Amino acid sequence: MPLKKQYLKSKPEVKVTFEVEKEATQEAEQIFLLAEFNEWQPIELTKLKNGKFKVVVNVPTDQQSSYQFKYKLCLSDGAEAYDNDWAADSYQPNGVDGDNSVLEVA
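Residues numbered from 1 in each chain as written. Predicted model: local features only at pLDDT ≥ 70, side-chain atom pairs only at ≥ 80, totals over all residues. Heavy atoms only, no water.

### Observations concerning the sheet that holds strand E2 (residues 13-20)
Here we have four strands laid out as an open sheet, ordered E1-E2-E6-E5, and antiparallel in their pairing. Where the open sheet ends on each side, the last strands, each with one partner, are strand E1 (4-7) and strand E5 (46-47). (Pairing = 2+ DSSP bridges. Helix = DSSP H or I, 4+ residues; strand = E, 2+ residues; numbered from the N terminus.)

### Things to note about the side chain of threonine 25
Position of threonine 25 among the secondary structure elements: in the loop between E2 and strand E3 (30-35). Here lysine 22 takes part through its backbone oxygen, which lies 2.9 Å from a polar atom of the side chain of threonine 25. (Polar contact = N/O pair within 3.5 Å; in protein donor to acceptor, adjacent residues only side chain to side chain.)

### Quick word on unusual backbone geometry
Although it is not a glycine, glutamine 26 adopts a positive phi angle of roughly 55°. Classification of glutamine 26 as partly exposed rests on a relative accessible area of 43%. Positive phi is not limited to glycine here, since glutamate 27 has a value of about 60°. You can see glutamate 27 is positioned in the loop between E2 and E3. With relative accessibility at 72%, the residue glutamate 27 sits in the exposed group. (Buried < 20%, exposed > 50% of the residue type's maximum accessible area, 1.4 Å probe, protein only.)

### Side note on the pattern of salt bridges
Applying the stated criterion across every chain, the model contains five salt bridges. Between glutamate 21 and lysine 52 there is a salt bridge; the shortest N-O distance is 3.7 Å. Here lysine 52 lies in the loop between E5 and strand E6 (53-60) and glutamate 21 lies in the loop between E2 and E3, a separation of 31 residues in the sequence. With respect to class, glutamate 21 is no different from lysine 52; both count as buried. Between lysine 72 and glutamate 80 there is a salt bridge, and its shortest N-O distance comes to 3.4 Å. When its relative accessible area of 19% is taken as the criterion, lysine 72 is described as buried. Residue class for glutamate 80 comes out partly exposed when judged on its relative accessible area of 46%. Salt bridges here are not isolated pairs; linked through shared partners, they connect Glu19, Glu21 and Lys52. (Salt bridge = Lys/Arg side-chain N within 4 Å of Asp/Glu carboxyl O.)

Laid out in structure tokens, this is it:
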């Protein structure tokens, strides 16, 4: 599912809905959004009854035109995995272990 964006008229922000489809969750117990716009501090997604995970975050639009992000999946066996958003605006090499998802805000 594409990222849903709603630009706010009252302030320089965009309300972004990040959603991980059930097929992409790898049966994770928890999923966190790690993103450049909040200095990579984890934001927990809520697990929905249909198996998807979702969170809505206000992202600034007056600081830069795009931000990198990734999902951290906490699996039932205690392992952690990292995945990109399958419907990200684009992808950018992160210089460590592959690519990060990119969210365009401008």
